[in-house]
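# Analysis of the macromolecular model
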Amino acid sequence: MLVLSRKKGESIVIQDQIEVTVLAVEGDTVRIGISAPKHIDIFRQEIYAAIQDANRESATPLAADVEAFMERLRNNGLKKD
Amino acid sequence: MWGEVEVQEKEIYQFPKGLPGFEEETEFALIPWEDTPFSYLQSVREKELSFLLVSPFTFAPDYSFELSEVDKEELQIDEQVAVFSLVTIHSQANKSTMNLLAPVVLNPEKQLGKQVVLHQSGYDTRHLIWAEEEEDARSVKGGV
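Starting from 1, residues in each chain are numbered consecutively following that chain's sequence as written. Chains carry letters and ligands carry numbers; both start at the beginning, A for chains and 1 for ligands, and go up in the order they are written. Per-residue local features of the predicted model are confined to residues with pLDDT of at least 70, and side-chain atom pairs are confined, for both listing and counting, to 80 or more; whole-chain, interface and lining totals are unaffected and use all residues. Based on all heavy atoms of the structure, the side-chain values leave hydrogens and waters out of the count.

Let us look at the packing of aromatic side chains. Classification of ring pairs rests on two measures: the distance between centres of Phe, Tyr or Trp rings, Trp counted by its six-membered ring, which must be within 6.5 Å, and the angle between planes, read as stacked under 30 degrees, edge-to-face over 60 and tilted in between. As enumerated under the stated definition, the model contains 12 aromatic pairs over all chains in all. Ring centres of A:Phe69 and B:Trp130 lie 5.3 Å apart, and the angle between their planes is 50°; on these two criteria the pair is classed as tilted. A residue pair is termed interchain when its members come from two chains, as with A:Phe69 in helix H2 (residues 63–75) and B:Trp130 in the loop between strand S9 (127–128) and helix H3 (131–137). Of the two residues, A:Phe69 and B:Trp130, both sit in the buried class. Their ring planes at 45° and their centres at 5.8 Å tell us that B:Phe57 and B:Tyr63 sit as a pair that is tilted. Here's how the labels work: a residue is buried when its accessible area is under 20% of the maximum for its type, exposed when over 50%, partly exposed in between, all with a 1.4 Å probe on protein chains only. Look at B:Phe57 and you get partly exposed, because its relative accessible area is 33%. Given a relative accessible area of 4%, B:Tyr63 falls into the buried group. The structure contains a cluster of three or more aromatic residues connected by ring pairs, namely A:Phe69, B:Phe38, B:Phe59 and B:Trp130. The criterion is that NZ of a Lys, or CZ of an Arg, lies within 6 Å of the ring centre and within 35 degrees of the ring normal, and then a charge sits over that ring. Cation over ring: A:Arg72 sits above B:Trp130, and NZ or CZ is 4.3 Å from the ring centre. Helix and strand assignments follow DSSP, with helices taken as H or I runs no shorter than four residues and strands as E runs no shorter than two, numbered in order from the N terminus.

Before going further, it helps to examine the pattern of salt bridges. Take a side-chain nitrogen of Lys or Arg and a carboxyl oxygen of Asp or Glu: if they are within 4 Å of each other, that pair is a salt bridge. Inspection of every chain in the model, using the stated rule, returns 13 salt bridges over all chains. Ionic pairing is found between A:Lys38 and B:Glu73, a salt bridge with its closest N-O pair at 2.9 Å. With A:Lys38 in the loop between strand S3 (29–35) and helix H1 (45–58) and B:Glu73 in helix H2 (residues 69–74), this pair bridges two chains. The exposure class of B:Glu73 is partly exposed, given its relative accessible area of 49%. The salt bridge involving B:Lys114 is made with B:Glu74; its shortest N-O contact spans 3.3 Å. One end of the pair, B:Lys114, is in strand S8 (residues 112–115); the other, B:Glu74, is in helix H2, and 40 residues separate them in sequence. We classify B:Lys114 as buried; its relative accessible area is 8%.

Do not read the fine detail of predicted coordinates wherever pLDDT is low. Residues and elements named next belong to chain B. Mean pLDDT over chain B stands at 89; residues scoring 70 or higher make up 88%. Each residue carries a pLDDT value, the predictor's own confidence for that position, ranging from 0 to 100. Put simply, H3 is where chain B has its lowest mean pLDDT, 62, and strand S7 (residues 104–107) is where it has its highest, 98. Taken over the whole predicted complex, pTM reads 0.85, whereas the ipTM for its chain interfaces reads 0.85.

Moving on: the side chain of B:Ser39. All names here are of chain B. One can find Ser39 in strand S3 (residues 38–43). The class of Ser39 is buried, set by a relative accessible area of 6%. Any two residues having at least one pair of non-hydrogen atoms within 4.5 Å are treated as being in contact. Setting aside residues no more than four positions away along its own chain, Ser39 makes contact with Leu30, Ile31, Pro32, Trp33, Phe51, Leu52, Leu53 and Phe84.

Now the structure itself:
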């Protein structure tokens, strides 16, 4: 990993399109500003990881589990619009 | 998942960025599960990869969000839009969840799709599908 020290108000540039600026430092919290082209998606890492995890868990459900799920649904009366 | 399935071209959606965790998968078929609010999202390239989708409003009628301008533009949304949540089926069915934080948004006209992230919406990746009943069962309704 590349490690750089930056002070409040200083930036780094990634390629020529993404600029990351340290806006404020308060205790162990750092506020960061990011300028990037709008097609670049930006996430808090833990949120992206949570979505990846949820997706991996959702992938290709076992037929038996789907069957049990639909059974639970039927017992409930299938709500439909 | 169920052997050979014939898919119409109009059911195939491009996901240019893939799905988080499956970034390489950029083409999926949307296969409705008849007479249910569910659909399958089947990878075109990887036949072993599919997801169960549900219309989130079926189980969370109050669910709402505003699609960002950037996402609208990326999906080239003009008028039509469809929203689904990925279902995680738990081996104990009543613990199954749906992802309300990152819905799958589709443009049926352009056959484009994206799993969008609702930043700071307060929604969760693992919302219990039968959350309301669980609450009823414990009679903790009311309050906040």
